[in-house]
Amino acid sequence: MAEPINLERTKNSPEIILDKENAIFKISGRSIVEDPKEFYTPVYNWLEEYVKAPLDRTNFIIDLEYFNSSSARQIMELIMLLEKIPETGNKVKVSWLYEEGDEMSRERGDEIKMVSKLDFEIKEYPSEDY
Amino acid sequence: MTTNTIYQFYRLLEKDTISFSYRGSFSNNVLTMVTQLFKDNVEEKHERLRNKLSFLMIESFQNIARYADTGEKTMPDETSEFFMTRNVGDTFYVISANLIDNDKIPTVKEKLDRVNTLDKSELNKLYREVLTNKQINEKGGAGLGFIEMVRKTKGKLPYDFVKISPEQSMFFMQIELRNPKTDDGLPPVSLDDAKQIQALVAQENILMMHKGDFSEEAVGPMLRMVEENMQNISLKVHKKIFHFLVEILQNISKHSYPINNKHEGIFQIGYENDKFHIGTGNFIAANEVENLKEQLDSVNSKTVEELNEMYRKYLREGKTTKSGSAGLGLIDLARETDDKINYEFIKVNDTYSFFSLTVKF
């Protein structure tokens, strides 16, 4: 089994956990890196291997407060990889989380849902201020 | 805010290696970010001045917060407090402007004239006297701040009072911190220069303006400062501004024409007619002008629905290589901005042009 990916959150890049053994697949924080292609390449490579032999159920969580347009492309690339999972007879779902009142994140989620071919849920969570 | 005034501002600040101006609420959060911005961006040869500069910025900024005779305002206007720090040649300037009641002017003037005429030992003596004086006013200093400014800079404090009503005036003051090790021999930039900038910033309803190097490292602190300063506006608007600011500033850092290895640029945030405006200006290589213009015209001519469709197609298929086809960033900007993307190219020479852009949300 491939070593899990565990990237810590920075000022410009998200926390990413891809852990098959513990069934955690999550991207959270902000993704405003200037060169997302370089940043996401190891993530892409890991996932490319994973989708060949995935778990029965994969719940991929995306909880991004900000992402720049070049990151949007890279996130879409990851989602398109996940679209290969159903071909192996296994299940996959994307959970797009956004903070209450954050219409922009919700709209961005709606848009990605529209172009993806996956089971895709969009879920609000309460604002941290309350 | 217009594409043309962005260029005017750029010309006014042409000699500034870095400059930052601000109007609005003077909270400690903003202060922390502004000092950080300069700490991160001061050139190596001025490194020894860093702490002094931070001290002077804090002193000046807090003076505004403490002494300005301004009532509660929801949005800044032409008499709002103004703060600016600029580096021109080997000198740093910290400028403040705020409303003051006319009846207080003689006292302030007297304190300033006193510190401006004393020599070093006289200043030290005055400092000790004021420090041990029991009649320190309740706002925290009988001119101690002024004495410190002069002691720290070994210079004068140019000032001016501009009467705006029978009751009040705008009080302008400039602190000048010269690097003694690298004297450029340039005459100091006059306070009138800053007064002109303040007037124009107010007239154009600009809240924040930064001119400097827009390389990746410089963009970070700038973004954090804007973010910090937007805490009291709705999450929806705040997110949108931040999102596009990232997009636009990163574009400057990536695509602007470097001069002396620097990605020089200017950016402004303003508030006008219930909308936030973002304006930027930077240089662009002459041979890229046509292509960029084509992309801008292309996204500007499309409806929001068409842009949405383009964006979604692009998300799945990625970059097309056709020249003149806009990237995700521009498509996104065009569909979200109120009205369209305003832009202007001003030819500087055969090698590069000045490109300015404004959008509003």
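The rules behind these values
Residues numbered from 1 in each chain as written. Chains lettered and ligands numbered in written order. Predicted model: local features only at pLDDT ≥ 70, side-chain atom pairs only at ≥ 80, totals over all residues. Heavy atoms only, no water. Helix = DSSP H or I, 4+ residues; strand = E, 2+ residues; numbered from the N terminus. Rg over C-alpha atoms; globule rule 2.2 N^0.38 Å. Contact = heavy atoms within 4.5 Å. Areas by Shrake-Rupley, 256 points an atom, 1.4 Å probe, with all protein chains shown as cover. Lys, Arg positive; Asp, Glu negative; His and termini not counted. Charge placed at Lys NZ, Arg CZ, Asp CG, Glu CD. Buried area = accessible area lost by both parts, 1.4 Å probe. Salt bridge = Lys/Arg side-chain N within 4 Å of Asp/Glu carboxyl O. Polar contact = N/O pair within 3.5 Å; in protein donor to acceptor, adjacent residues only side chain to side chain. Pairing = 2+ DSSP bridges. Axes fitted to C-alpha atoms, helices over the stretch in contact; angles between N-to-C directions. Expected span 1.5 Å × (residues − 1). Buried < 20%, exposed > 50% of the residue type's maximum accessible area, 1.4 Å probe, protein only. Core = buried A, V, L, I, M, F, W, Y, C linked by side-chain atoms within 4.5 Å. Domains from an automatic or database assignment.

As a further point, take the overall build of chain A. Within chain A, the secondary structure is distributed over 3 helices and 6 strands. Along chain A, helices and strands appear, N-terminal first, in the series β-β-β-α-β-α-β-α-β. Taking 2.2 N^0.38 as the reference for a compact globule, 130 residues should give roughly 14 Å; the C-alpha atoms of chain A span a radius of gyration of 14 Å, in line with that estimate. Along the three orthogonal principal directions, the C-alpha set of chain A runs to about 40 × 25 × 25 Å. Taking contacts inside chain A between residues at least 6 apart in sequence as the whole, the part at least 24 apart equals 68%. In the structure as shown, chain A presents an accessible area of about 6,600 Å², 45% of it carried by carbon and sulfur atoms. Positive and negative side-chain charges of chain A, numbering 17 and 28 respectively, have mean locations separated by a distance of 5 Å.

Here we come to the interface of chain B and chain A. Listed as interface residues are 30 residues of chain B and, on the opposing side, 31 residues of chain A. In this assembly, chain B packs against chain A so that about 2,700 Å² is buried in total across both faces, 50% of it on carbon and sulfur atoms. Among the residues chain B hides against chain A, the three largest losses belong to Lys239, Leu315 and Arg316 of chain B. Together they make up 29% of the total. The interface formed by chain B and chain A includes 6 salt bridges. Residues Arg316 of chain B and Glu83 of chain A are paired through a salt bridge, measuring 2.7 Å at the closest nitrogen-oxygen approach. The interface formed by chain B and chain A holds 18 residue pairs in polar contact (both at pLDDT 80 or more) in total. Those elements that place two or more of their residues in the side of chain B that touches chain A are helix H8 (216–228), helix H9 (235–255), helix H11 (304–317) and helix H12 (328–336) of chain B.

In this section: the sheet that holds strand E6 (residues 119–125) of chain A. Taken in spatial order, the 6 strands line up as E1-E2-E3-E4-E5-E6 (chain A) in an open sheet, and their pairing is mixed. Either end of the sheet is taken by a strand with one partner, and the two such strands are strand E1 (5–7) and E6 of chain A. For this sheet, the mean inter-axis angle between neighbouring strands, taken without regard to orientation, is 15°. Of the strand pairs in this sheet, strand E4 (residues 57–67) of chain A and strand E5 (residues 91–99) of chain A are connected by 6 bridges, and their pairing is parallel. Residue pairing for E5 of chain A: Thr58 of chain A is matched across the bridge by Val92 of chain A. Against the sheet, helix H2 (residues 69–82) of chain A touches strand E3 (24–31), E4, E5 and E6 of chain A, its axis set at about 175° to E4 of chain A. Strands E3, E4 and E5 of chain A of the sheet are contacted by H9 of chain B, whose axis makes an angle of about 85° with E4 of chain A.

The next thing to look at is the sheet that holds strand E3 (residues 91–101) of chain B. Residues and elements named next belong to chain B. Taken together, the 10 strands give an open sheet; going across it, the order is E4-E5-E3-E2-E1-E6-E7-E8-E10-E9, and neighbouring strands pair in antiparallel fashion. What marks the edges here is a single partner per strand, and that holds for strand E4 (159–163) and strand E9 (342–347). The sheet shows a mean angle of 15° between the axes of neighbouring strands, direction not considered. As paired strands, strand E1 (residues 16–23) and strand E6 (residues 206–213) are joined by 4 bridges and run antiparallel to one another. Bridging across to E6, Tyr22 finds its partner in Met208. Strand contacts of helix H1 (residues 3–12): E1, strand E2 (82–88), E6, strand E7 (264–272), strand E8 (275–285), E9 and strand E10 (352–360), with the helix running at about 125° to E10, the strand carrying the most contacts.

Bringing helix H3 (residues 50–67) of chain B into the picture now. Here H3 of chain B is 18 residues long and its end C-alpha atoms lie 26 Å apart, about the 26 Å a rise of 1.5 Å per residue gives. Those residues of H3 of chain B not exposed but buried are Leu53, Ser54, Leu56, Met57, Glu59, Ser60, Phe61, Asn63 and Ile64 of chain B.

Let us now look at the nonpolar core. The biggest cluster of nonpolar side chains holds 115 residues, and the ones touching the most others in it are Leu18 and Leu47 of chain A together with Phe146, Leu157, Leu249 and Ile341 of chain B. Split by domain, this core shows at least three residues from each of two domains, domain 1 (20–205) and domain 2 (214–361) of chain B. Apart from the residues within four sequence positions on either side, Ile341 of chain B is in contact with Leu296, Val299, Asn300, Leu330, Leu333, Ala334, Leu357, Thr358 and Val359 of chain B.

So, about the domain arrangement of chain B. Residue and element names in this part refer to chain B. Domain annotation for chain B reports domain 1 (20–205) and domain 2 (214–361). Each partner contributes residues to the interface: domain 1 has 14 residues there, and domain 2 has 11 residues. The contact between domain 1 and domain 2 buries some 1,100 Å² in all, and 63% of this surface belongs to carbon and sulfur atoms. Our count for the contact surface shared by domain 1 and domain 2 stands at 1 salt bridge. Inspection of the domain 1/domain 2 interface yields 2 residue pairs in polar contact (both at pLDDT 80 or more).

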